[in-house]
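Spelled out from the first residue to the last, the chains are:
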Amino acid sequence: MEMELDAVIVGAGFSGIYLLHRLRDQLNLNVKIIDAGSDVGGTWHWNKYPGARVDCPAPVYSFNIEEVWKTWNWSEVYPAQQELQAYFQHVDRTLSVSKDCIFNSRVVSAQFDASKWTIKTDNGQTVLAKYFIPAVGFASQQYVPSWKGIDSFRGTIHHSCQWPEEVDVRGKRVAIIGTGSTGVQIVQEWAKEASETFVFQRTPNLCLPMHQKKLDPITQDKMRAETAELFSRCWETAGGLPYEGSSKLFADYSPEECDKALNQLYDEGGFRLWAGAYMDLLLNPEGNRVAYDVWAKRTRERINDPMKRDLLAPLNPPHPFGAKRPSLEQDYFEQFNSPNVHVIDTNAHPIVEVTSCGIVTADGNIHEVDVIAIATGFDASTGSLGSMGICDIDGVDLGKHWRKGVSTFLGLMVPGFPNMFLPYSVQAPTPFTNGPVFIEFQANFIRDMIKKMQSDGIQAVEPHSAAVQDWQAQMETISKMTLFSKAKSWYTGANIPGKPVELLYYYGGIPRYRDACGDAIGRKFQESFSCHI
Ligand code: NA7
C-alpha cells in the first residue's frame, strides 16, 4: 500500500496529537500519525506498570485546547495511568484523532529524496510526505541490562513499559530492579500486597513528597475556571509548571533563612524543592549540598531501620541534588518500615545473574522471587530516533550521525534531514519541563515554520551548520556550568553502556528557549536556515 500526504507524524502521544491538531486542523494539511501501538496515548498507552502515575499536576499536564479541557474532569492532582488513558480517549473523541492514525505499524525507514520523505513500516506500508515528524518522546526505547540467565527465570518478568495489565502479586515474593521514577511507583504498590519485596537499588532516588489530593466537583469547577490563566502562567516559568522558580541565589540567604525556605518547599511538595530552591541550585555545589542535607534530614526521619536509612537517604549525597530526576512519592520510604520490604544495594553488590528462581548478587546471595519488575529505564531520545532507520539525503543513518554525540539546531532540526522536525527531543528543555506545556510551544513553532514555507514558496528547509554549531556551543556552555555531569543518568546518556556522555537536554528554561526559537524563525531566519525554493 502506498499513499502520499503532506506530513507524517510518528507517535500518537502528546507531541503527535498536538502536531496533528496544529497541522491538520489549523493549516488544513493532509496528515497521518503512524504508531506502533494499538491506540492513542504514547507513553500512557505503553506504560501500564503497577502504580504508573504522572508527576506534573492537573490541570496543566494536559492539552491546552479549550474544547478538550472544558469538557474533562481530573479526579486527582496527580492522575494515574488509567485516568490518563481515559483522558486520551476523550481527546480522541473531541479532536477526532484516531481517524488519522495508522496503528500497529512501526516505522522502519525514512529517507528524504529531492522533495519528499519516503517512510516505510514493518507491515509493508509506504507513505510519501513533504514533512516528517518523529514524535516518539524520550522514553520509547527500553533498556534492559544484559544479565546472564535472564531468559531462564521461571516466574513472571517484564520491563515496566511492557507490563501486562494485571499481575496479581498478593502473597508472592517480588523484586523491583531499579529505583528511578518507575521503580519507586512500583514499590509503593507492591510492598503493600506482596509477601516479601526485594528492592534492588543502585542509586537512591532523592524523591520528593507528592502530596496527592482527590479533586471534588467544586474544586474541579474552580480549576476549570482557572485553567486558561494557569496555562499562560506555565509558559512563563522555566519548567512549564504553575509554580515559580526562585529569583534568589544561594548567597542571598542567611543559613537560617535558607533552612527555613528549603524546609517550606519540601513541605509544599511536588517539584518545588527542585525547581524553586534557588536559581543556582544546579550550578553551586555548596548550595546544592545544603539542599541535599535538608532533603536527607527530612527523609531519614521517616525510615526506622538505621541500615535501610543509610541506603535510602545516606548522609553523603550519591550525586548533587536534582542532577538526576527526583521522583514524587506518596509513601515510598514508609514501605521500608515493614520487615518484609528489603533494600538490596546493587552498587556494593551488582546483579550477576538471573536464575530460574531469582536474582543472584555479587556477594553470592540468591534472592528467590516469583515476580520481577525490570525498572531499568530507557535509552532516552537517541535510542528510538537512532534505530528507526531515518537517513539523511546521502543515505546516512541519524544514529550514525549521532554516534559520537548529538547535533541539532534548537533540538528541532538536523542538517542533511530537510523538513524533518523533532519535537520533545534532545538539545531542548524536554525533561526539565512539564511536557505538554513545552510540547505546545514546539508544535506552534513547527506549524509556524511550515506556514512560512508555504507563504514564501520554500520547498525544503534545513539548518545551516553554523547555526547548529552555535546551538552546540550554547549547550556546552550550560553543561560546563551545571552539576549534571556529576550524576550518571539518562540526562547525559551515562545510564547506557557505550553511549556518548554529554548533557542531552537544554537547561536554559522555556522562556529563553522560546526567545532563541523566535529569533530563528524571525530576524535570524536567513542565518539559521538554508532553503530550497
Ligand atoms: P530511570 O530513571 O533511568 O531509572 C532506572 C533505574 O534502574 C535506576 O535506578 C538505575 O540505577 C537502575 N539500573 C539501571 N541499570 C541497572 C543495573 N544494571 N543494575 C541495577 N540497577 C540498574 O528510568 P525510569 O523508568 O524510572 O524513569 C524514566 C523516566 O520516565 C522518568 O525520569 C520520568 O521522566 C519518566 P542508577 O540510578 O543508574 O544507578
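A brief report on the enclosed structure follows. (Residues numbered from 1 in each chain as written. Predicted model: local features only at pLDDT ≥ 70, side-chain atom pairs only at ≥ 80, totals over all residues.)

### Brief notes about the site of the ligand
Item 1. Inspection of the region around the ligand gives 24 residues, with Gly178, Gly180, Thr182, Arg202 and Gly377 positioned closest.
Item 2. It is helix α5 (residues 181-190) that provides the largest number of residues to the shell around the ligand, a total of 3 residues.
Item 3. For the shell around the ligand, a count of residues per class yields 9 nonpolar, 12 polar and 3 charged. (Near = placed C-beta within 6 Å. Helix = DSSP H or I, 4+ residues; strand = E, 2+ residues; numbered from the N terminus. Nonpolar A, V, L, I, M, F, W, Y, C, P; charged D, E, K, R; others polar.)

### Focus on α5
Item 1. Taken across its 10 residues, α5 has 9 buried, putting it largely inside the fold.
Item 2. Along α5, the residues classified as buried are Ser181, Thr182, Gly183, Val184, Gln185, Ile186, Val187, Gln188 and Trp190.
Item 3. Here the buried face of α5 lies against β8 (173-177), β9 (196-201), β11 (328-329), α11 (332-335) and β16 (371-374). (Buried ≥ 20, exposed ≤ 12 C-beta atoms within 10 Å, placed from the backbone. Contact = placed C-beta atoms within 7 Å.)

### A short note on the nonpolar core
Item 1. Core analysis: the biggest nonpolar cluster contains 156 residues, and Val8, Ile9, Ile133, Ile176 and Ala291 have the highest contact counts within it.
Item 2. Setting aside anything within four residues of it in sequence, one finds Ala291 in contact with Leu262, Leu273, Ala277, Leu281 and Phe321. (Core = buried A, V, L, I, M, F, W, Y, C linked by C-beta atoms within 7 Å.)

### Examining the environment of Ile458
Item 1. Assignment of secondary structure puts Ile458 in the loop between α14 (435-456) and β18 (460-463).
Item 2. Along the primary structure Ile458 and His532 are separated by 74 residues, whereas in three dimensions their C-alpha atoms are 5.9 Å apart.
Item 3. Once you skip the residues sitting within four places of it in the chain, Ile458 turns out to touch Met453, Cys531 and Ile533.

### Section: the sheet that holds β9
Item 1. As summarised here, the arrangement of the 5 strands in space is β7-β16-β8-β9-β12, forming an open sheet in which the pairing is parallel. A strand with exactly one partner marks an edge of an open sheet, and here the two such strands are β7 (156-159) and β12 (341-345). Put simply, the sheet's adjacent strands are angled 15° from each other on average, direction ignored.
Item 2. The sheet contact formed by β8 and β9 spans 5 bridges and is parallel. (Pairing = 2+ DSSP bridges. Axes fitted to C-alpha atoms, helices over the stretch in contact; angles between N-to-C directions.)

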